[in-house]
Amino acid sequence: MSDWIYVCATSELLPGEMTVVWADDLPILVVNYDGDYYALEDRCSHEDYELSSGVYDPEGATVECVLHGAKFDVRDGRPLCPPAYEPVRKFPVKVENGAVWTRDDRR
């Protein structure tokens, strides 16, 4: 299992904001949804395009891929509309000592 990766201080990722961190060669999108933090692979399951280039809707808890308009729920990675039919991989997040952490747990 991979080590935890420091994302940022909680004060640096406010509700409605997102950021990207890297676990070796894997980009991970981390979002703050109303004070809760979620991490998804930063790749649309439809066309392997970075979700971080898209629009994060903090009221709907969705991120939309700018390439073809696929939307995903940031809480669990499930697709919400075509052209995506497969979920985006979700990663664990922890908040500890005022910092947000995630890790690549694919192994």
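Refer to the preceding data block for the structure.
Fair warning: this is a prediction, and the values are worked out from it, not measured in the lab. (Residues numbered from 1 in each chain as written. Predicted model: local features only at pLDDT ≥ 70, side-chain atom pairs only at ≥ 80, totals over all residues. Heavy atoms only, no water.)

Colleague: How do you make sense of the sheet that holds strand β2 (residues 18–23) when you look at a structure like this?
Modeller: The strands that make up a sheet are held in pairs by hydrogen bonds between backbone atoms, and each pair lies either parallel or antiparallel. In spatial order, the strands read β2-β3-β4-β8; together these 4 strands make up an open sheet with antiparallel pairing. Sheet topology places β2 and β8 (90–91) at the edges, where each strand pairs with a single neighbour. (Pairing = 2+ DSSP bridges. Helix = DSSP H or I, 4+ residues; strand = E, 2+ residues; numbered from the N terminus.)

Colleague: Any chance you could explain the sheet that holds strand β1 (residues 5–9) here in plain terms?
Modeller: Pairing is antiparallel in the open sheet, where 3 strands are placed in the order β1-β10-β9. In this open sheet, the two edge strands, each paired with only one partner strand, are β1 and β9 (93–96). Strand-to-strand twist of the sheet, defined as the mean angle between neighbouring strand axes without regard to direction, takes the value 30°. Here β1 pairs with strand β10 (residues 99–102) via 4 bridges, running antiparallel. Along β10, the bridge assignment pairs I5 with T102. (Axes fitted to C-alpha atoms, helices over the stretch in contact; angles between N-to-C directions.)

Colleague: What's the story with unusual backbone geometry in this structure? I'm lost.
Modeller: Backbone phi values are negative for most residues with the exception of glycine, while trans is the configuration of most peptide bonds. Residues P82 and P83 are joined by a peptide bond in cis, for which omega reads 15°. Within the secondary structure layout, P83 lies in the loop between β7 (71–73) and β8. With a phi close to 60°, A61 is a non-glycine residue in the positive phi region. Considering the arrangement of structural elements, one finds A61 in the loop between β5 (55–57) and β6 (62–64). At N97, a residue that is not glycine, the phi angle is positive and equals roughly 55°. Overall, N97 belongs to the exposed group, its relative accessible area being 78%. (Buried < 20%, exposed > 50% of the residue type's maximum accessible area, 1.4 Å probe, protein only.)

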